[in-house]
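Examining the three-dimensional arrangement
So the chains spell out like this:
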Number of protein chains: 2
Amino acid sequence: MRASETAYRVLRDEILSWRLAPGTPLSEVELAARLGVSRTPLRAALSRLALEGLLDTSRGRTGIVPDVSPESVAELFELREALEVHAARLAARRGDPAVFAGLAAEFARAAEVLAGQGVDAYYEVVADFDRAIDEAIANPAMCGALEGVRTHLVRARRLAGDNPERLLRAAEEHRLICEAIRDRDEALAASAVAVHLRASLNEILATLRSRIPQEGIR
Amino acid sequence: MRASETAYRVLRDEILSWRLAPGTPLSEVELAARLGVSRTPLRAALSRLALEGLLDTSRGRTGIVPDVSPESVAELFELREALEVHAARLAARRGDPAVFAGLAAEFARAAEVLAGQGVDAYYEVVADFDRAIDEAIANPAMCGALEGVRTHLVRARRLAGDNPERLLRAAEEHRLICEAIRDRDEALAASAVAVHLRASLNEILATLRSRIPQEGIR
DNA sequence: ACCAGCGCAAATGTATACAAAACTGTGAAT
DNA sequence: ATTCACAGTTTTGTATACATTTGCGCTGGT
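This write-up is about the structure you can find in this document. (Residues numbered from 1 in each chain as written. Chains lettered and ligands numbered in written order. Predicted model: local features only at pLDDT ≥ 70, side-chain atom pairs only at ≥ 80, totals over all residues. Heavy atoms only, no water.)

**Describing the protein's contact with DNA strand D**
Taken together, 17 residues form the shell around DNA strand D, and within it R43 of chain A together with A3, S38, T40 and R61 of chain B come nearest. Per the 4 Å cut-off to the protein, sugar and phosphate atoms form 66% of the nearby atoms of DNA strand D. Between DNA strand D and R43 of chain A there is a distance of 2.7 Å, counted from a phosphate oxygen to a side-chain nitrogen or oxygen. The backbone of A3 of chain B places a nitrogen or oxygen atom 2.3 Å from a phosphate oxygen of DNA strand D. Elements with a minimum of two residues in the surface near DNA strand D: α3 (39–51) of chain A together with α1 (3–16) and α3 (39–51) of chain B. At three residues, α3 of chain B tops the list of elements feeding residues into the surface near DNA strand D. (Near = heavy atom within 4 Å. Polar contact = N/O pair within 3.5 Å; in protein donor to acceptor, adjacent residues only side chain to side chain. Helix = DSSP H or I, 4+ residues; strand = E, 2+ residues; numbered from the N terminus.)

Rendered as structure tokens:
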């Protein structure tokens, strides 16, 4: 594994998991020492993070971990809506009905999965769903854009936490989306995605607002 | 100006303007010598181009200028449709009607502009339109995604050339979009964008197919 | 004639030294 | 008290030397 790749993955994981808090400056020399690589590959990792929006280089010379504000989450979800509504349409148009029928069954069993195997097992089903969408639309440009918003979503979701009731409703929303795609109903798939995104956004914003007083936004 | 920034802009311009043809290998040592910078800033420029999709690093170690195939253009336009249809909806929802009324008037004069000042003056109006959309939606995440597709579009457009009849029809389509946004008619704005994109794609694909025999796709 | 194995060469990946630029704190003057 | 200027310090930007990898061609065998 290349040193630049290692540094990138470590830093990306630390940012997405909130081990690196928003506002933390990412100094080249300090990180190079901590990760045991020289500044050259570390710079490559930082510039890659910056281009993906996981590092804010707009203020001053030293990049800082970007803040997660209600505004930034709302903006992310507008982009997410643009991409995922269209992705659902494309999936309904050319996806494999059998695949999405299977996923619909998985989501129908979400209550058992959550109770028996925990939230990680549930999120694995969601990851399967994302992969199925990518495969169905078969468009590298779309998939790349989707990948970007999913990355940022991980960070917001970690902050919002795992509300069991919300996860059950989310599973139901996913089931509806899968069934619409299975039935090749583009309009319904698009609407079902829009419904799901609105509910998700509201959940995250509610959690975010209740936590702001404790966290301290700069 | 930083050397890495200079190298990035030069290479980006050379790729978008087709001075660097698809398939051309971008060797670090060769480019560093040609642009008069060392390999370190040049590498930063290349990695940035690769992340933006203007350099294909998936085949072999040395990156090559990506091909522009009918498939890749069609894929780009699916992403473009996802983003621009939603952007038009957002612009209709919260844009300044006066701004888009003014742009509609500009597009109505497109025939004069094209005849009197040439295609560059017309494309400047389109650039004004893009800026107005960005300002109206006021969403950095959306704007960043739009910027990406516009960049790739430049390359496809250069290939397709400037068909005068098509430009006149495109101006008319833009006028309709602006009027819909001006009237805060989200559904019409979305439809008008979809119409425009389909016509643009068909034009580019037609030109592309007629040129393939001469150009030689690898 | 073709294929496998090997070695060379050219390209990229990394480390480090040096240059330049930008923030910080101090000091004095208004 | 505030602001401006300046120097020092820290941080990033660049160049170059070295390490490592990978692709390619040569040679020998079948």
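**Examining the side chain of H86 of chain A**
Among the structural elements, H86 of chain A can be located in helix α4 (residues 70–94). Among the polar contacts listed, one links the side chain of H86 of chain A to the backbone oxygen of E78 of chain B, at a separation of 3.4 Å. With residues up to four places along the chain from it excluded, the contact list for H86 of chain A reads E81 and M142 of chain A together with E78, E81 and A82 of chain B. (Contact = heavy atoms within 4.5 Å.)

**Focus: the relation of the copies chain A and chain B**
Between chain A and chain B, which share one sequence, the superposing operator has a rotation angle of 180° and an axial displacement of 0.0 Å; the RMSD is 0.0 Å. Seen this way, the second copy is the image of the first under a two-fold rotation axis. Taking C-alpha positions as reference, the residue of chain A nearest the rotation axis is A82 of chain A, located at 2.8 Å. By residue overlap, the copies meet face to face through one surface: 100% of the interface positions of chain A are interface positions in chain B. (Least-squares fit on C-alpha atoms with pLDDT ≥ 70 in both.)

**Details of the protein's contact with DNA strand C**
Taken together, 18 residues lie around DNA strand C, and A3, S38, T40 and R61 of chain A together with R43 of chain B are the ones closest in. Sugar plus phosphate, as a fraction of atoms of DNA strand C within 4 Å of the protein: 65%. Contact between DNA strand C and R39 of chain B: a base nitrogen at 3.0 Å from a side-chain N or O atom of the residue. Of all the secondary-structure elements, those providing two or more residues to the surface near DNA strand C are α1 (3–16) and α3 of chain A together with α2 (28–35) and α3 of chain B. Here the surface near DNA strand C gets three residues from one element, more than from any other, and that element is α3 of chain A. Each residue belonging to the surface near DNA strand C can be placed in one class, and the counts come to five nonpolar, six polar and seven charged. (Nonpolar A, V, L, I, M, F, W, Y, C, P; charged D, E, K, R; others polar.)

**Observations regarding the environment of A138 of chain A**
Residues and elements named next belong to chain A. Here A138 is to be found in the loop between α7 (119–137) and α8 (140–160). What makes A138 exposed here is its relative accessible area of 52%. Here the alpha-carbon distance between A138 and L90, two residues 48 residues apart in the chain, equals 9.2 Å. (Buried < 20%, exposed > 50% of the residue type's maximum accessible area, 1.4 Å probe, protein only.)

**Some words on the pattern of salt bridges**
Opposite charge on two side chains makes pairing possible when the charged atoms of those side chains draw close. On inspection of all chains with the given rule, the structure shows 40 salt bridges over all chains. Ionic pairing is found between E14 of chain B and R34 of chain B, a salt bridge with its closest N-O pair at 2.9 Å. Of this pair, E14 of chain B sits in helix α1 while R34 of chain B sits in helix α2, placing them 20 residues apart in sequence. With relative accessibility at 43%, the residue R34 of chain B sits in the partly exposed group. Across the salt bridge formed by E28 of chain B and R43 of chain B, the nearest N and O atoms sit 2.7 Å from each other. Here the residue E28 of chain B occupies a position in helix α2, and R43 of chain B occupies one in helix α3, the gap between them amounting to 15 residues. Residue classification places R43 of chain B among the partly exposed positions, given a relative accessible area of 44%. The network of salt bridges with common partners includes E5, R9, R48 and E52 of chain A. (Salt bridge = Lys/Arg side-chain N within 4 Å of Asp/Glu carboxyl O.)

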